[in-house]
Amino acid sequence: MRLMNNLKKAAGAAIAAIMFAALNAAPLTAFSVLPMKIELNAAPGASYTTSIVIDNTGSDELQMGRVYIQDWDKQPSGKDVYRESGEVDRSCGGWITLSQSQFNVPAGEKAEARFSFSVPQDASGLYWTFIMVEGMPTPQKPSAEDGRFKAAITTNMRYGVRVFINVKSGIAARGELSSLTVSRPDAQSEFKDSPLIANIGFFNTGNTLLTPHGVLEVRTLAGKTIHTEAVSYEKKYVIPGRERIVTVPIEARLAPDEYVALVIMDYGGEKLVAGQTSFTSKNISTTALTGYEIDRK
Amino acid sequence: MIKSNQIRFIMTMTIILCAMFAGAGRADFRVELESGSVAFGSLTKEDLYAGFVEAGASDGVYALRALITDDENAGWTLSVRADTAEFTSVFAQKSCEDLLWRVDGPEPYIALTQYDEPAASGAGSDYVDIDLKLLAGWGDRADSYGIVLVFTLTSD
């Protein structure tokens, strides 16, 4: 009997603690959107329909939320730049028709937002945009005016569902090395403990998504390879018409001398691309990139 | 000796606890804000002489916390921007750039704009703490000011 009582007490306390924590952790407004990324293969001239689900995980009804299209572009660093719909050259924002621009979702329930898109006949390769899903905050007003300076900040949440539409027509996978520099890392860099870093730029000159990978070699002027590092654009894709720069640490303590940094990349095209630059390990002055293509054979 | 009603009780409790944790097994991707607002309240003479008031100034103390759930390590970026170019107020005008923000820590503050600026990125579940600093001085008209901060979550 004592065991039973102890079990009851322990279980009761555990449930109370969990429920208390859950209630305290629950924000006033909380929702999620799935999926956060939509990748669709499409044919020119065809129409398609798909959807996203808005899940209100909060304790209040989500009222007057908004769904809308916004374009995005990528800086070479990978940073997203938000644009108005239609401002990006390969935007598919104009192809999309949303079934609704506003939504209400009761607490604890889900709502589906459907959208259709029509692919133009002359489209080929990759196009992209964001479907934005934004809550509607209740603005927090400072207390009534009394001749004093008051301020209040209200928060709102927004999800950017990244949309890629890959039109399977006239696909051209092409790219080139656009820059290669060797330098010392900044004190704030994630590679601050590495003796040197290489910044490798890859430019997508085709019309499809590329995720190149390859190798960086450090060679003596006599041609002897003294250090090798893998180069990967995994999760750092390069969209058509854009450059993407990745940073690779060079984990080698080089004696003061002149060296050659050589990069060979495979982006899935007919040929490999390569480029090289020379640098002095003491002053780290890098010469201009010399780029070229290499046959796969 | 455990009796049959005790076994039933234990099983019932197990089911209840399992049900409460059922959501934990579901792959999830979302951001939740710990608080929906930050009130600076009434600024004091000292604040106005200093030219600013801060929320979360000390290291480890924050004005806002965003909790990010990324069960599948998909990777995320959380950005921040102002919803409007100016604070809403009754009589006065005040630029959104008078509100500064930073991720909690020693880094310098950044002026808030209407352009999304990445606050943090990562993979896996994490939280992002934000400090706020409001620039305000004797040149500002006494008024009630409000502005909406929009946090945007994206994934690559």
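About the thresholds
Residues numbered from 1 in each chain as written. Chains lettered and ligands numbered in written order. Predicted model: local features only at pLDDT ≥ 70, side-chain atom pairs only at ≥ 80, totals over all residues. Helix = DSSP H or I, 4+ residues; strand = E, 2+ residues; numbered from the N terminus. Buried ≥ 20, exposed ≤ 12 C-beta atoms within 10 Å, placed from the backbone. Contact = placed C-beta atoms within 7 Å. Domains from an automatic or database assignment. Nonpolar A, V, L, I, M, F, W, Y, C, P; charged D, E, K, R; others polar. Core = buried A, V, L, I, M, F, W, Y, C linked by C-beta atoms within 7 Å.

K.L.:
I would appreciate a short explanation of the overall build of chain B in the present structure.
P.N.:
Within chain B, the secondary structure is distributed over two helices and 10 strands. Reading chain B from its N terminus to its C terminus gives the helix and strand order α-β-β-α-β-β-β-β-β-β-β-β. Within chain B, buried positions represent 33% of all 156 residues. A separation threshold of at least 6 residues defines the contact pool for chain B, and within that pool the share at least 24 residues apart is 77%.

K.L.:
Would you explain the domain arrangement of chain A in this entry?
P.N.:
Note on interface size: it is often stated as the accessible area lost on association of the parts. Residues and elements named next belong to chain A. Once the domains are mapped, chain A shows domain 1 (29-167) and domain 2 (175-294). Computed over C-alpha atoms only, the centres of domain 1 and domain 2 are separated by 36 Å. Of the residues lining the interface, 10 residues belong to domain 1; the matching set on domain 2 comes to 12 residues. Considering every element that reaches the side of domain 1 that touches domain 2, the biggest residue donor is strand β9 (residues 125-134), with three residues. Looking at the side of domain 1 that touches domain 2 residue by residue, the classes come out as three nonpolar, four polar and three charged.

K.L.:
So what exactly am I meant to see when it comes to the environment of V182 of chain A here?
P.N.:
Residues and elements named next belong to chain A. Looking at where V182 falls in the secondary structure, it is placed in strand β11 (residues 175-183). Residue V182 is classed as buried on the basis of its C-beta count, with 25 C-beta atoms lying within 10 Å. Each C-alpha atom, one on V182 and one on V260, is 9.9 Å from the other, the two residues being 78 residues apart in sequence. Apart from the residues within four sequence positions on either side, V182 is in contact with L196, A198, A261, T277, F279, I284 and T286.

K.L.:
Where do I start with unusual backbone geometry in this structure?
P.N.:
Apart from glycine, the bulk of residues carry a negative phi angle, and the bulk of peptide bonds sit in the trans form. All names here are of chain A. Following L34, the chain continues to P35 via a peptide bond in cis, the omega torsion being -5 degrees. Within the secondary structure, P35 is located in the loop between β1 (31-34) and β2 (37-42). One non-glycine residue, M64, lies in positive phi territory at about 55 degrees. Along the chain, M64 falls in strand β4 (residues 62-74). What makes M64 exposed here is the crowd of 12 C-beta atoms within 10 Å.

K.L.:
How should I be thinking about the nonpolar core in this particular structure?
P.N.:
One broad rule of soluble globular proteins: the nonpolar side chains tend to lie buried together. Ranked by internal contacts, the top residues of the largest apolar core, which has 95 residues, are I131, V161, A198 and A261 of chain A together with L132 and F151 of chain B. At nine residues, strand β10 (residues 150-167) of chain A tops the list of elements feeding residues into this core. Both domains that meet at this core, namely domain 1 (29-167) and domain 2 (175-294) of chain A, each give it at least three residues. In this structure L132 of chain B touches I153 of chain A together with V38, E54, A55, G56, A63, L99 and W101 of chain B, once residues within four positions along its chain are discounted.

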